[in-house]
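Architecture and fold: a report
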Amino acid sequence: MLVQSSPPPSIDLSLPLVIAAAYNAHPDAVALSTALDEIDPSAVGFKGYVVLKGTEVVAQRYDVGDATSTYHIWSCTKSWAAAMIGELLYAGRAAAAAQTSAARSSS
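Quantities reported herein were computed from a predicted structural model and do not represent experimental measurements.

Rules and cut-offs
- Residues numbered from 1 in each chain as written.
- Predicted model: local features only at pLDDT ≥ 70, side-chain atom pairs only at ≥ 80, totals over all residues.
- Heavy atoms only, no water.
- Pairing = 2+ DSSP bridges.
- Helix = DSSP H or I, 4+ residues; strand = E, 2+ residues; numbered from the N terminus.
- Polar contact = N/O pair within 3.5 Å; in protein donor to acceptor, adjacent residues only side chain to side chain.
- Contact = heavy atoms within 4.5 Å.
- Salt bridge = Lys/Arg side-chain N within 4 Å of Asp/Glu carboxyl O.
- Buried < 20%, exposed > 50% of the residue type's maximum accessible area, 1.4 Å probe, protein only.
- Expected span 1.5 Å × (residues − 1).
- pLDDT = per-residue confidence, 0-100.

Sheet analysis places strand β1 (residues 18–19) next to strand β3 (residues 56–62), joined by two bridges and oriented parallel. Along β3, the bridge assignment pairs valine 18 with glutamate 56. Bridge count between strand β2 (residues 48–53) and β3: six bridges; the pairing is antiparallel. Following the sheet pairing, valine 50 is matched in β3 by glutamine 60.

Rendered as structure tokens:
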């Protein structure tokens, strides 16, 4: 069981993202890119990834398109939203929003 001492900080995604000083140079970023090369990314439909630390872009890679490209992601949005809601619930941050929503509904 994962024990978390405090909830992770909130990230305001309305803020501009900045490229980190050691962009794509961290050993984990290099390892991720190397691992991807080993599985032939185009064979599995890989398009790209972005890794954020706060509002800093610490790694990114695009094998198709670039940072301005858009793709049809269909139902992936629901999966991502569900994962984020789960993280909020785990961190105890969704309780206040749920109580506020319930209070509004009952009034």
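On we go from here.
The topology assignment puts glutamine 60 in strand β3. Here the side chain of glutamine 60 touches tyrosine 23 through a polar contact of 2.9 Å, side chain to side chain. What glutamine 60 contacts, discounting residues up to four positions off in sequence, is Ile19, Tyr23, Asn24, Tyr49, Val50 and Ala67.

Following the criterion strictly, the structure yields two salt bridges and no others. Put simply, aspartate 37 and arginine 61 hold a salt bridge, and the shortest N to O gap is 2.7 Å. Placement of aspartate 37 in helix α1 (residues 27–38) and of arginine 61 in strand β3 is noted, with a sequence separation of 24 residues between them. Between aspartate 63 and arginine 61 there is a salt bridge, with its nearest N and O atoms 2.9 Å apart. Judged by relative accessible area, which is 35%, aspartate 63 ranks as partly exposed. Of the residues examined, arginine 61 reaches a relative accessible area of 13% and is grouped as buried. If you follow the salt bridges from partner to partner, you end up with Asp37, Arg61 and Asp63 in one network.

Here we take up α1. An ideal rise of 1.5 Å per residue puts 16 Å on 12 residues; α1 measures up with 16 Å between its terminal C-alpha atoms. One or two steps after α1, the chain reaches aspartate 40, where phi turns positive at roughly 60°.

The next point concerns the confidence of the model for the protein. Looking at the protein, pLDDT values average 76 and 78% of them are 70 or higher. Mean pLDDT across the elements of the protein ranges from a minimum in helix α3 (residues 94–106), with 59, to a maximum in β1, with 89.

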